[in-house]
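Residue strings, one per chain:
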Amino acid sequence: MNMSRREFIKSAAVSAGGLAMMPGMVFAAPARAMTLRAAPFEQAVRTGGPRTNFWGFNGGVPGPVLKFRKGESVRLVVQNALDVDSAVHWHGVRVPNAMDGVPHVTQNPIRPGDEFVYEFALPDSGTFWYHPHQSSFEQVPRGLYGALIVEEDEPIEVDRELVWVLSDVRIGDDGRQTEDFGRILDVANDGRIGNQVLLNGKAAGAELAIDVRRGERIRLRLINAAAARIFQLGLAGHAINVIAFDGQAVEPHVVENLQLGPGMRADLVIDCMQVPGGRYLLTDSHRRNAGPLATLIYSDARPLRDKPLSAPIRLAPNQLPEPDLAKATEHYIMFQGGMRGVPVIGLVDGKPAKTHELMERHGLAWTMNYTARHEHSLMHEPFLHLNLGEHVVLRMINETDFVHPMHLHGHFFRVIAVNGKKVTPQPWHDTVIMGPRQSVDVAFVADNAGDWMYHCHILDHAAGGMMGTIRVG
Ligand SMILES: [Cu+2]
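Per an unreviewed UniProt entry, the protein chain is named Multicopper oxidase domain-containing protein, and its organism is Aromatoleum diolicum.

Structure, rendered in structure tokens:
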């Protein structure tokens, strides 16, 4: 007989007589525990190639795929075996503030040799990821990132589920990482983009083979863990069905190609309906880094089926607080700076500095509402205060000539307008791309109390001033 733990405890209590459950009493399942150990290690990104020095979780790049069920409570022990401070952020997971993993803001940094225990419940199903929020412009590209998957109560029917963590690395001919993190030339430009794209830690390229079978339905969970690279993904010969952005369900729709900025995720359904022996390229067509990433190769095995599965691919939505635009308060954030475009004056520690002074004297390049902040230094001074439960429209005005994927912690927002023009549909995101000179309006309910990071996910930009906190409550 199949009996859930709760039913078992209930019936055991009843049969014991007199030990019946009190109304409202909940037997929480014990939190599932995992240990993540951050440490240096080496691995070759290409079979037979030179070894690359990484920092990684549990000896891998990416770190282990953490897979949980919606509603589950987890206990994640992070051990720091690096010789620098660290802390881990659970990107996209709506955690209580104290579990958000931001050093100096939500916790003390985890010192070398120490550990920190993160405990929280998982309110949403979806594709999330984890990475340090300490010197992330260095710790992330060195290899500290991994997927965090929360399964739906009723997953859609597929033959296979793949998790692809996309990233890149800047390496020399000897395979060693180039030790040039945080250069002002990268900070004030497009960020530090690697010279080798990685797919699950392996060198991407036409020679990277993905074996599929005719008739197979694949659910692809994509995560852009790169520090600065924007992907524009296409798959020859196949329809790309998007079913979720940033872990949140969208009405399934087919796209020609998919833009994925740093920090962003997408869930896709691919029906492999080409013939045995066929080869199809997965490509990146972004202007900066166009090229093949992998080849889908159809095996000669007997097809699984000759028509695509007819099972629905629509995901059940998570319960997110719906912003009411009629009563929402408007807030503005203006972004300026960078090496191209109009020179600016920004405040650093309360004192004005021009663009070249920001860069040469402070190592900063970007301002939000005329202020440039050092990573986490002035974080206890939020740049925006919201009341708990406030309905908010945040208008982000990008006065720079650069693209910025903006990320808000602890909340999801709906993207409601671009350049002042209403968009439909209005998908939920935790990270949204602002194009150069573009304005993007997002709406959300500030229902999670605490000081929440709000920053560009081009991690050099965040380190260069595009980072601050929003206080809720
Ligand atoms: Cu940016």
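Caption draft 1: The layout of surface pockets, seen in detail. Empty space within the largest pocket amounts to approximately 800 Å³. Lining of the largest pocket is provided by 33 residues; of these, Phe245, Pro425, Gln426, Pro427 and His429 occupy positions nearest its centre. Ranked by residue count, the leading element in the lining of the largest pocket is strand β16 (residues 248–255), at six residues. Considered class by class, the residues forming the lining of the largest pocket number 18 nonpolar, 11 polar and four charged. Mapping the lining of the largest pocket onto the domain boundaries places at least three of its residues in each of domain 2 (160–298) and domain 3 (325–472).

Caption draft 2: Structural detail: the UniProt feature "domain: Plastocyanin-like" (unreviewed entry) in the protein chain. The sites that UniProt annotates as "domain: Plastocyanin-like" (unreviewed entry) are residues 43–153, 192–287 and 375–472. The distance from the first to the last C-alpha atom of residues 43–153 is 36 Å, and the span holds 4% helix and 41% strand. Taken end to end, residues 192–287 has its terminal C-alpha atoms 16 Å apart, with 0% of it in helix and 55% in strand.

Caption draft 3: Seen up close, the coordination of the copper ion. Binding of the copper ion to the protein goes through His404 (ND1), Cys456 (SG) and His461 (ND1), at separations of 2.0 to 2.1 Å. The sequence motif formed by the donor residues of the copper ion is H-x51-C-x4-H. Here the residue His404 occupies a position in strand β27 (residues 404–408), and Cys456 occupies one in strand β33 (residues 450–456), the gap between them amounting to 52 residues.

Caption draft 4: Broad picture of the pairing of strand β20 (residues 291–298). Burial within β20 is extensive, with six of its eight residues counted as buried. Pairing between strand β12 (residues 209–212) and β20: four bridges, direction parallel. What sits directly across from Val212, in β20, is Tyr298. In terms of strand pairing, strand β19 (residues 279–284) meets β20 through six bridges, oriented antiparallel. In the sheet register, Leu281 faces β20, and the bridge partner there is Thr295. Connecting the antiparallel pair β19 and β20 is a turn made up of six residues.

Caption draft 5: Looking closely at helix α4 (residues 355–362). Listed in full, the buried residues belonging to α4 are Thr355, Leu358 and Met359. Along the axis of α4, the buried residues cluster in a sector spanning 90 degrees; they form a single face. Projecting away from the buried face of α4 at angles above 90 degrees are the exposed residues Glu360 and Arg361. Phi for Gly363, located one or two positions after α4, is positive at around 70 degrees.

Caption draft 6: Spotlight on the domain arrangement of the protein chain. Taken domain by domain, the protein chain holds domain 1 (32–151), domain 2 (160–298) and domain 3 (325–472). Put simply, the middle of domain 1 and the middle of domain 3, counted by C-alpha atoms, are 24 Å apart. Taken together, the contact between domain 1 and domain 3 spans 23 residues of the former and 24 residues of the latter. Roughly 1700 Å² of surface becomes buried between domain 1 and domain 3 when both sides are summed, with 59% attributable to carbon and sulfur atoms. Counting every contact that joins domain 1 to domain 3 gives zero salt bridges. On the surface where domain 1 and domain 3 come into contact, there are 10 residue pairs in polar contact (both at pLDDT 80 or more). Among the secondary structure elements, those contributing two or more residues to the side of domain 1 that touches domain 3 are β5 (88–91), β7 (126–132) and α2 (136–139). Counting residues per element, the side of domain 1 that touches domain 3 draws most heavily on β7, which supplies three residues. Of the residues contributing to the side of domain 1 that touches domain 3, the split by class is nine nonpolar, 11 polar and three charged.

Caption draft 7: How the structure looks around the nonpolar core. Trp164, Leu222, Phe231, Leu258 and Leu268 are the most contacted members of the largest nonpolar core, which has 37 residues in total. Residue contributions to this core peak at four residues, all from β20. Residues within four places of Leu222 in sequence aside, it is in contact with Thr127, Trp164, Leu166, Leu233, Leu258, Leu260, Met264, Arg265, Ala266 and Leu268. Residues Met396, Val442, Trp452 and Ile458 belong to the second largest nonpolar core, which totals 34 residues.

Rules behind the numbers
Residues numbered from 1 in each chain as written. Predicted model: local features only at pLDDT ≥ 70, side-chain atom pairs only at ≥ 80, totals over all residues. Heavy atoms only, no water. 1 Å grid on protein atoms, 1.4 Å probe; cavity = no way out; pocket = protein on both sides within 12 Å on 5 of 7 lines; lining within 4 Å. Points joined across faces, edges and corners; volume = space filled by probe spheres on them. Helix = DSSP H or I, 4+ residues; strand = E, 2+ residues; numbered from the N terminus. Nonpolar A, V, L, I, M, F, W, Y, C, P; charged D, E, K, R; others polar. Domains from an automatic or database assignment. UniProt positions renumbered as here; feature names shortened; annotations may be inferred. Donors = N, O, S within 2.8 Å, 3.2 Å for Na, K, Ca; no water. Buried < 20%, exposed > 50% of the residue type's maximum accessible area, 1.4 Å probe, protein only. Pairing = 2+ DSSP bridges. Arc of directions from axis to C-beta. Contact = heavy atoms within 4.5 Å. Buried area = accessible area lost by both parts, 1.4 Å probe. Salt bridge = Lys/Arg side-chain N within 4 Å of Asp/Glu carboxyl O. Polar contact = N/O pair within 3.5 Å; in protein donor to acceptor, adjacent residues only side chain to side chain. Core = buried A, V, L, I, M, F, W, Y, C linked by side-chain atoms within 4.5 Å.

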